[in-house]
Amino acid sequence: MHSRLAAIPGLSILENAPLSAYTRFEVGGPARVLADASTEQALASAVRVIEDTGVPSTIIGGGTNLVVSDNGFPGVVLRYTNAALEIEGTSVNAAAGALLQHVVDAAIANGLRGLETMTGIPGWVGGALYGNAGAYGRSVHELVQSVRFFNGARVCEIDNTACEFHYRDSVFKRRKDWIVLSATLRLDSADPAELLATADGILKIRNEKYPPTMRCAGSIFKNLLWDRLPAPVRSRIPERLVREGKVPSAYFLEQAGAKGMTNGGVRVADYHANLIYNQGGGGARQVSELIDVLKRRVREQCGVELEEEVQFVPSRTE
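What comes next is a walk through the structure. What you see as residue numbers is a count from 1 along each chain, following the sequence as written. For this predicted model, a pLDDT threshold of at least 70 governs which residues receive local features, and a threshold of 80 or more governs which side-chain atom pairs are given and counted, while totals over whole chains, interfaces and linings are taken from all residues. Calculated side-chain values reflect all of the structure's heavy atoms, with hydrogen atoms and water omitted.

1. With respect to the sheet that holds strand β15 (residues 216–219)
- Ordered by their spatial adjacency, 4 strands build an open sheet running β15-β20-β19-β18, and the pairing between neighbours is antiparallel. Where the open sheet ends on each side, the last strands, each with one partner, are β15 and β18 (262–263).
- Whether two strands pair depends on DSSP finding at least two bridges between them. Secondary structure is summarised from DSSP: a helix means a run of H or I of at least four residues, a strand means a run of E of at least two, and numbering begins at the N terminus for each. Here β15 runs beside strand β20 (residues 275–278); their pairing, made up of 2 bridges, is antiparallel. Across the sheet, residue Cys-216 finds its bridge partner in β20, namely Tyr-277.
- Any two residues whose heavy atoms approach within 4.5 Å at even a single point are treated as in contact. All axes here are fitted lines through C-alpha atoms, helices being fitted over the stretch that makes contact, and every angle between N-to-C directions spans 0 to 180 degrees. Its contacts with the sheet place helix α9 (residues 284–302) against β18, β19 (266–268) and β20, and it is angled at close to 30 degrees to β19.

Encoded structure:
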């Protein structure tokens, strides 16, 4: 397998790659092989080799929302690193490997409204589409016109509706065999100075909450949809907390005493109950254990079930 992958043009491979170096949490053991595909052809060829050899494989992006096992991954970890970005009028076409921040900055510079509230969100475009990333009342799905992806056999393109976007969710989360290649976004024209001022204000707040040097994945748990909460739970929630049909999971975590909890080198922030970070020497096992404790506490004390935003490699069902 190694020699066949190494022979693919546009594919770079690294054996026994420490995945802690490729995740913002800085946790995770080695991947048997880390393979970076810079072109669609290289990606397709790599997928076919992996299928032929039958080795385990998984797809990751920028690693900002991942908890990788301390044991690493026993097969091939594949990344699509094409970072191409094109802007034509109010249309933005971004490859999956482009940094989301670069796309945000380019949109602002070109006077295009829609992405400015997402400034400071780390990661790549592919991951943003996969998890329908968003902040401050906006989500990426509102801007998506179409998405191109590789389904294991050929390149396909689907429109916004077929992406089945929901809160922090998309069809790509359910179809793990679909690899996002690029997206076309449709934005609105606006004053670049106004957009930049909005982005700068948001970035200041975000950097205070999630410092760029903090080893974390941002919010650990999804917020809860108001209309899906049991009536007895809704009756106890202050009205001021309900925004855009959601209740912050941090509210329930605070009720459960999450702030400041630790497990080895992993800690819940003292100032934000939905923020777990690696304060040094933490591992994936400690992150997972702390997540499980928090979920159990909230379930027992508040009567609601929290769902992680973070993704696990390998998945916790494997």
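2. Examining unusual backbone geometry
- Cis geometry is adopted by the peptide bond preceding Pro-314, which originates at Val-313 and carries an omega value of -10 degrees.
- One non-glycine residue, Glu-26, lies in positive phi territory at about 60 degrees.
- Its identity as a non-glycine residue notwithstanding, Glu-244 has a phi of 55 degrees, on the positive side.
- You can see Glu-244 is positioned in the loop between α7 (231–234) and β17 (246–247).

3. Overview of the pattern of salt bridges
- Here a salt bridge means any side-chain nitrogen of Lys or Arg lying within 4 Å of a carboxyl oxygen belonging to Asp or Glu. Counted by the stated rule, this structure contains 17 salt bridges.
- Among the ionic pairs, Arg-174 bridges to Asp-169, the shortest N-O distance being 2.9 Å.
- For the exposure calls, accessible area comes from a 1.4 Å probe over protein chains only, and a residue counts as buried if that area is under 20% of its type's maximum, exposed if over 50%, partly exposed in between. Here Asp-169 falls in the buried class, since its relative accessible area comes to 18%.
- Across the pair Arg-285 and Glu-289 runs a salt bridge whose closest N-O atoms are separated by 2.8 Å.

4. Things to note about the sheet that holds strand β2 (residues 30–37)
- Reading across the sheet, the 4 strands line up as β1-β2-β5-β3 and stay open at both edges, with mixed pairing between neighbours. Each edge of the open sheet is held by one strand with a lone partner, namely β1 (11–18) and β3 (57–59). Neighbour to neighbour, the strand axes of the sheet diverge by 25 degrees on average, direction disregarded.
- Together, β1, β2, β3 and β5 (73–80) form the strand contacts of helix α2 (residues 40–53), whose direction differs from that of β5 by roughly 160 degrees.

5. Some thoughts on α9
- A helix's residues, less one, multiplied by 1.5 Å, set its expected span. Compared with the 27 Å implied by 1.5 Å per residue over 19 residues, the 26 Å span of α9 between its first and last C-alpha is a close match.
- Along α9, the residues that are buried comprise Ala-284, Gln-286, Val-287, Ser-288, Leu-290, Ile-291, Leu-294, Lys-295, Val-298 and Cys-302.
- One or two residues past the end of α9 sits Gly-303, with phi positive at roughly 75 degrees.

6. Side note on the side chain of Arg-79
- Within the element layout of this structure, Arg-79 appears in strand β5.
- Residue classification places Arg-79 among the buried residues on the basis of a relative accessible area of 10%.
- In this view, Arg-79 contacts Tyr-22, Leu-34, Ala-35, Asp-36, Ala-37, Ile-60, Gly-61 and Trp-124; residues no more than four positions away in its chain are not counted.

7. Let's talk about the environment of Cys-163
- Tracing the chain through its elements places Cys-163 in the loop between β12 (155–159) and α5 (171–174).
- Taking the C-alpha atoms as reference points, Cys-163 and Val-180, separated by 17 residues in sequence, lie 11 Å from one another.
- If near-sequence neighbours (up to four positions away) are discounted, Cys-163 is found in contact with Val-147, Ile-158, Ser-170, Val-171 and Phe-172.

8. So, the side chain of Asn-278
- Position of Asn-278 relative to the elements: it lies in strand β20.
- In this structure the side chain of Asn-278 is engaged in a polar contact, spanning 3.0 Å, whose partner is the backbone nitrogen of Gly-280.
- Aside from chain neighbours lying at most four places away, what touches Asn-278 is Phe-25, Glu-26, Val-27, Arg-215 and Gly-265. Counting of polar contacts relies on pairs of N or O atoms within 3.5 Å, with two restrictions inside protein: one atom must be capable of donating a hydrogen and the other of accepting it, and residues adjacent in sequence are counted only when both atoms are side-chain atoms.

9. Observations regarding the pairing of strand β6 (residues 85–88)
- Two elements, β6 and strand β7 (residues 91–95), share 4 bridges in a ladder whose sense is antiparallel. Each residue of the ladder has a partner; that of Leu-85, found in β7, is Ala-94.
- Hairpin geometry of β6 and β7 is characterised by an intervening segment of 2 residues between the two adjacent antiparallel strands and by a positive phi of about 65 degrees at Gly-89.

10. Looking at the packing of aromatic side chains
- Here a Phe, Tyr or Trp ring, Trp counted by its six-membered ring, pairs with any other such ring whose centre lies within 6.5 Å, and the pair is stacked when the planes are under 30 degrees apart, edge-to-face when over 60, and tilted otherwise. Under the counting rule described, the total for this entry stands at 4 aromatic pairs.
- Between Tyr-251 and Phe-252, the aromatic rings sit 5.2 Å apart at their centres with planes inclined by 75 degrees, giving edge-to-face as the arrangement.
- Among the aromatic residues, those joined into a cluster by ring pairs are Phe-149, Phe-172 and Trp-178.
- The residue whose ring lies beneath Arg-234 is Trp-226, and the NZ or CZ to ring-centre distance is 5.7 Å. Only lysine NZ and arginine CZ atoms are considered, and such an atom sits over a ring when it is within 6 Å of the ring centre and within 35 degrees of the ring normal.

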